[in-house]
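Descriptive structure summary
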Amino acid sequence: METLLRVTDLLVRYGERVAVGGISFTIERGEILGLLGPNGAGKTSTISCISGLREPDGGRFAFDGSPFAPSADASARARIGLVPQSLALYDDLTADENLRFFARIAGLGSADARAAADRGLALAGLADRKGDRVGTFSGGMKRRLNLAAGDLHRPALLVLDEPTVGVDPQSRQHIFDALERLKAEGRSLLYTTHYMEEAQRLCDRIAIMDEGRILDVGPAAALAERAGLPGANLETVFLRLTGKQLRDA
Ligand SMILES: Nc1ncnc2c1ncn2[C@@H]1O[C@H](COP(=O)(O)OP(=O)(O)O)[C@@H](O)[C@H]1O
Ligand SMILES: [Mg+2]
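The rules we used
- Residues numbered from 1 in each chain as written.
- Chains lettered and ligands numbered in written order.
- Predicted model: local features only at pLDDT ≥ 70, side-chain atom pairs only at ≥ 80, totals over all residues.
- Buried ≥ 20, exposed ≤ 12 C-beta atoms within 10 Å, placed from the backbone.
- Helix = DSSP H or I, 4+ residues; strand = E, 2+ residues; numbered from the N terminus.
- Pairing = 2+ DSSP bridges.
- Axes fitted to C-alpha atoms, helices over the stretch in contact; angles between N-to-C directions.

With 6 of its 6 residues buried, strand β8 (residues 188-193) lies for the most part within the structure. Of the two faces of β8, both are covered, the one formed by Ser 188, Leu 190 and Thr 192 as well as the one formed by Leu 189, Tyr 191 and Thr 193. For strand β7 (residues 157-161) and β8, the ladder comprises 5 bridges, and the chain directions are parallel. Across the sheet, the residue bridging to Leu 158 is Leu 189, located in β8.

Now the structure itself:
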């Protein structure tokens, strides 16, 4: 494997409160890495730093082996795309207009922005709704478009913050298909979720996070082995490592 992003000793504090307590992990080229943890584990704080939205209180990053500051390096935006948990779309614009607008913001010229919007509509499974105002879309359709909006400039690493929360089963399946398509293209994905089945199904490796710490990282089967529970499902492993039932969290 070839490491795309290395995160070392990442620390995030809000006042006295430590939200991320010095975690280290890597994202390998072409993999889907899952960041699995309950509400409050520190997932959003972690990816806010990776995508340059927040200045960490400590820690280092390397991209492709070179030191890298997501919040300061000019190249960061081109390398790392973010699909935020909250929707960032204009209800009064059509799906196509939204994607073209965000493609221009991402720095694409108008012809490239048009092509990127078409690609994004296909990725979201919304090509037939391209001329409809986003305000008329279901929550699931908006989430699919939100995903496409984060990927318009085709960053090497796409970071997704709980993209399936509150999404209907059909749109959830569309989102899984889209992520698998991106992976098949050789892209790297960091996927945060508190859904076990999703992590188990989609992710090549899973980092189990709780209370600002990563307790273990690896393929689901390796996590089970190391927890002394060979063959156990992720839910059982999570319970062993954290003492928590994730579905109640
Ligand atoms: N802007 C903020 N100000 C104060 N505390 C925050 C802020 N954002 C998150 N926190 C706290 O930091 C911890 C981690 O939050 P977060 O990174 O959002 O976790 P997750 O995404 O896993 O739910 C939580 O205890 C949360 O309450
Ligand atoms: Mg979160």
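Glancing now at the sheet that holds strand β3 (residues 32-36). Pairing within the open sheet is mixed, and its 6 strands lie in the order β6-β7-β8-β3-β9-β10. Only two strands of the sheet have a single partner each, and these edge strands are β6 (80-83) and β10 (213-218). Across this sheet, the average inter-strand angle for adjacent strands is 15 degrees, counted without regard to direction. Two strands pair when backbone bridges link them, and β3 and strand β9 (residues 205-210) are joined in this way by 4 bridges, in the parallel orientation. Along β9, the bridge assignment pairs Leu 35 with Ala 207.

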